[in-house]
Amino acid sequence: MATNSGLWYLDSSLFDNRQFHESVVLDMKTEFGRNSDPFVRKYIDEHPNWDKNSLSGDNPDAWIIFETATFGTLSKMYKNLKNQSPLKSRIANELGLYSARDLSSWLEAISVLRNTIAHHSRIWYRIFSKKPTNIRGHRYKWMVQDMTEHQRKRAFGVISCLLYLCNAIKPDNTVKDDIKDLFCSMPDVPVFMIGFTRGWDNNPLWK
């Protein structure tokens, strides 16, 4: 199956672990099937061979089913792409990274942060088990120097990676300004406890 096919995500030969690949695709089909958006209901109504519990039958093209996939599912699918795959490198390059391994670690770390917040757990002074790698040499504005270990293992590191990816996808996003406005509205909150240590806003990414 060609990688430019809308159904490329079903091609197990593109992935390292075929059994894991099948599990991820079925998760994605489950997420699609329970979504109530009109385009989802329309697709299912018009495709009688749709089966969320099987890889066979009708399957939506990638640009359709990816709309309803969770961030965690997409992160797992990307990580499982074969490391030598040009597709994996191309995705990283499109997002301003020169390393697919870095992007994979960033996506995992962001997914953990997202899940922590979604379950109303604290991020205050939390040390995250999934830490993003942050080698120098990214294409767009990044840090003056590598993050300290304190920054990297707390929320600052993950949020910085998230901001970088948002900038690559939509340069006029408001994520940075929203975070700064939030901090300004609560001047007594010691943000260094989540890794925003002295001088954090002097980094090119945050200026």
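A quick note: this is a predicted structure, and the numbers were derived from the prediction, not measured.

Participant: Residues and numbers for the overall build of the chain, please.
Facilitator: Assigned secondary structure in the chain consists of 9 helices and 0 strands. Element order for the chain, N to C, with α for helix and β for strand: α-α-α-α-α-α-α-α-α. Seen through its principal axes, the chain has C-alpha atoms that stretch 60 × 35 × 30 Å. Each of the 207 residues in the chain was classed as buried or not, and the buried ones make up 42%. The long-range fraction of contacts in the chain, counting pairs at least 24 apart against all pairs at least 6 apart in sequence, stands at 61%. Summed over all atoms, the accessible surface of the chain reaches about 11900 Å², with 52% contributed by carbon and sulfur. Of the charged side chains in the chain, 28 are positive and 23 negative; the average position of the first set lies 8 Å away from that of the second.

Participant: Lay out unusual backbone geometry with the relevant residues and their values.
Facilitator: Trans peptide bonds make up most of the peptide bonds, and negative phi angles are found at most residues other than glycine. We note that His-120 has phi near 60°; this positive angle belongs to a residue other than glycine. Along the chain, His-120 turns up in the loop between helix H6 (100-118) and helix H7 (149-152). With a relative accessible area of 75%, His-120 lands in the exposed category. Positive phi outside glycine occurs at Tyr-125, with the angle close to 60°. Within the fold, Tyr-125 resides in the loop between H6 and H7.

Participant: I'd love a proper account of a nonpolar patch on the surface, names of residues and values included.
Facilitator: A cluster of nonpolar residues, Trp-124, Tyr-125, Leu-182, Met-186 and Val-189, forms a patch on the protein surface that exposes about 480 Å² of accessible area. As for its position among the elements, Leu-182 is in helix H9 (residues 175-185).

Participant: Quick one: what's the story with the nonpolar core, residue by residue and with numbers?
Facilitator: Of all hydrophobic cores here, the largest spans 50 residues; its most connected members are Trp-8, Tyr-9, Leu-103, Trp-142, Leu-165, Phe-196 and Trp-206. Where this core is concerned, the elements lending two or more residues are helix H1 (18-33), helix H2 (38-46), helix H3 (62-65), helix H4 (71-80), helix H5 (86-94), H6, helix H8 (155-169) and H9. With 8 residues, H8 is the single largest residue contributor to this core. If we ignore the near neighbours within four places in the chain, the residues touching Leu-165 are Leu-95, Leu-103, Trp-106, Leu-107 and Ile-110.

Participant: A description of the pattern of salt bridges should follow, citing residues and the corresponding values.
Facilitator: Applying the stated criterion to the full structure yields 5 salt bridges. For the salt bridge of Glu-108 with Lys-130, the shortest nitrogen-to-oxygen distance reads 3.3 Å. Of the two residues, Glu-108 sits in helix H6 while Lys-130 sits in the loop between H6 and H7, which places them 22 residues apart along the sequence. A single network of salt bridges, built from pairs that share partners, joins Lys-79, Glu-108 and Lys-130.

Participant: Lay out H1 in plain terms, naming residues and giving numbers.
Facilitator: Over its 16 residues, H1 extends 22 Å from the first C-alpha to the last, a length consistent with the 22 Å expected when each residue adds 1.5 Å. Buried within H1 we find His-21, Val-24, Val-25, Met-28, Lys-29, Glu-31, Phe-32 and Gly-33. Buried residues belonging to H1 abut H2, H3 and H4. Of the residues flanking the start of H1, the one acting as N-cap is Asn-17, its side-chain oxygen 3.1 Å from the backbone nitrogen of Gln-19.

Calculation notes
Residues numbered from 1 in each chain as written. Predicted model: local features only at pLDDT ≥ 70, side-chain atom pairs only at ≥ 80, totals over all residues. Heavy atoms only, no water. Helix = DSSP H or I, 4+ residues; strand = E, 2+ residues; numbered from the N terminus. Buried < 20%, exposed > 50% of the residue type's maximum accessible area, 1.4 Å probe, protein only. Contact = heavy atoms within 4.5 Å. Areas by Shrake-Rupley, 256 points an atom, 1.4 Å probe, with all protein chains shown as cover. Lys, Arg positive; Asp, Glu negative; His and termini not counted. Charge placed at Lys NZ, Arg CZ, Asp CG, Glu CD. Patch = residues over 30% accessible without salt bridge, like charges linked within 9 Å, V, L, I, M, F, W, Y side chains within 5 Å. Salt bridge = Lys/Arg side-chain N within 4 Å of Asp/Glu carboxyl O. Core = buried A, V, L, I, M, F, W, Y, C linked by side-chain atoms within 4.5 Å. Expected span 1.5 Å × (residues − 1). Polar contact = N/O pair within 3.5 Å; in protein donor to acceptor, adjacent residues only side chain to side chain.

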